[in-house]
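Summary of structural features
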Amino acid sequence: GRPASHYPGWKVGAVALSPDGRCFATGSHPLYPTGELRVWDSITGRLRFPPMPHTNYVKALAFEPGGKVLASGDFNGLVRLWDTSTGREIGRPLPQGEIVMCLAYSPDGTILAAGLANDHTGKAGVKLWDTRTRQPIGELLPSTRRVTRIEFRRDGRALLADDEGPATRLWDVTRRQAITEPMNDELAGAFRPDGRAFLTVGGDGTVKLRDAATGAFLASLLTASSRATCAAFRGDGDLVVAGFDDGTVRLCDPDRK
C-alpha cells in the first residue's frame, strides 16, 4: 500500500505493531520539543483516529498483549495509556521522572516496564508498573546508562534490559534483583520461543546463545568480521537469523552448535 505519511520534516521515532497485526502505531516529532502519536489501519494505511498530541518527543510505544491498550512514553517522562478502540486516553499519565526510552509489557499484561534515561535525575534504569493498580512495583532496576530496549522472558518472571554501554543485563522481575552483571559489548537479540535461552549480538561480530535462567554462555552461533546488530529466532526456535553492520544477513541452525 501507500506510505503512512507524517508531516513534512517530522521524524518517526517509534513504531509498534498490534498483536493481531490489524493496526500499528507511530510516534513522530519535528525538530523542536513536541510530538504526537498516530494509530494506523494496517490494511488500508489510513489513520484510525485523529493524531494524539504530546508535549514532547514520543520515543517509546508498546501494545499490551490483548491489543486493547497502547502505551506511549515521551521525553517529558510521562507514560500515557490509550484505548485502541476509541483513541481516547485512559486515566492520568504515569510519571516516570525521566525521559522514557522504551516500553514493554509482560506476556500476561500485568506489568508495564519503562526503560529510562539519566538526563534529569542521573538515575537510569527500568521502572516496573502494576497495570491493574497503576502503581510502581518496587524500586528502580538501576543502570549506569540509558536503557534502550526491554524484552520479557516468556514466563514474565525475568527480563533483558539493553543500555547504551552497549551492554545487556538479565533481571529477576519477581525479586527485582539482577541475575547477571552487565554483559558488556553485548545487546539482547531475543528469547528463544520456549523461554529457556536468549541471543546476544556483539561488537566483535559474535551471536551468542545464553541460558535464560542464569545468563551463562551456551554457544557461539555465528561469527563475522562486522558488528552483529540484531538477531531473532524463527517461531519454532529451530532457526536463527542475524544482521550485521556490513549489510549481510546470516542464518544458523542452533542445534548444530
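Residues numbered from 1 in each chain as written. Predicted model: local features only at pLDDT ≥ 70, side-chain atom pairs only at ≥ 80, totals over all residues. Heavy atoms only, no water.

Quick word on the nonpolar core
- Counting 16 residues, the largest nonpolar core has Leu-199, Val-207, Leu-209, Leu-221 and Phe-244 as the members making the most contacts within it.
- Elements that contribute at least two residues to this core include exactly β20 (197–202), β21 (206–211), β22 (217–223), β23 (228–233) and β24 (240–244).
- If we skip the residues at most four places from it in the chain, Phe-244 touches Gly-205, Val-207, Leu-222, Ala-224, Ser-226, Arg-227, Ala-228, Thr-229 and Arg-250. (Core = buried A, V, L, I, M, F, W, Y, C linked by side-chain atoms within 4.5 Å. Buried < 20%, exposed > 50% of the residue type's maximum accessible area, 1.4 Å probe, protein only. Helix = DSSP H or I, 4+ residues; strand = E, 2+ residues; numbered from the N terminus. Contact = heavy atoms within 4.5 Å.)

Some thoughts on the packing of aromatic side chains
- Counted under the stated rule, the structure contains four aromatic pairs.
- Both rings, one in Phe-24 and one in Trp-40, keep their centres 6.1 Å apart while their planes meet at 5 degrees; by these two values the pair is stacked. Of this pair, Phe-24 sits in strand β2 (residues 23–29) while Trp-40 is found in strand β3 (residues 35–41), placing the two residues 16 residues apart along the sequence.
- Judged by relative accessible area, which is 19%, Phe-24 ranks as buried.
- By relative accessible area, Trp-40 is classed as buried at 5%. (Phe/Tyr/Trp six-rings, centres within 6.5 Å; stacked < 30°, edge-to-face > 60°.)

With respect to the side chain of Glu-151
- Within the secondary structure layout, Glu-151 lies in strand β14 (residues 147–152).
- There is a polar contact of 2.9 Å between the side chain of Glu-151 and the side chain of Arg-149.
- When sequence neighbours within four positions are dropped, the list of residues in contact with Glu-151 reads Ala-158, Leu-159, Leu-160, Gly-189, Ala-190 and Phe-191. (Polar contact = N/O pair within 3.5 Å; in protein donor to acceptor, adjacent residues only side chain to side chain.)

Concerning the sheet that holds strand β4 (residues 52–54)
- Here four strands make up an open sheet; going across it, the order is β1-β2-β3-β4 and the pairing antiparallel. The open sheet terminates on both sides in strands that have one partner only, identified here as β1 (11–17) and β4. Ignoring strand direction, the axes of neighbouring strands in this sheet form an average angle of 20 degrees.
- Strand direction decides the pairing type here: β1 and β2, joined by six bridges, are antiparallel. The residue bridging Leu-17 from the neighbouring strand is Phe-24, located in β2. (Pairing = 2+ DSSP bridges. Axes fitted to C-alpha atoms, helices over the stretch in contact; angles between N-to-C directions.)

Points about the pattern of salt bridges
- For the structure shown, the criterion picks out 13 salt bridges.
- A salt bridge links Arg-132 to Asp-130, with the nearest nitrogen and oxygen atoms 3.5 Å apart.
- Taking relative accessible area as the criterion, Asp-130 reaches 15% and is therefore assigned buried.
- Put simply, Asp-236 and Arg-234 hold a salt bridge, and the shortest N to O gap is 3.0 Å.
- Owing to a relative accessible area of 46%, Asp-236 belongs among the partly exposed residues under this scheme.
- The exposure class of Arg-234 is partly exposed, given its relative accessible area of 43%.
- Each of Glu-186, Lys-208 and Arg-210 takes part in a single network of salt bridges with overlapping partners. (Salt bridge = Lys/Arg side-chain N within 4 Å of Asp/Glu carboxyl O.)

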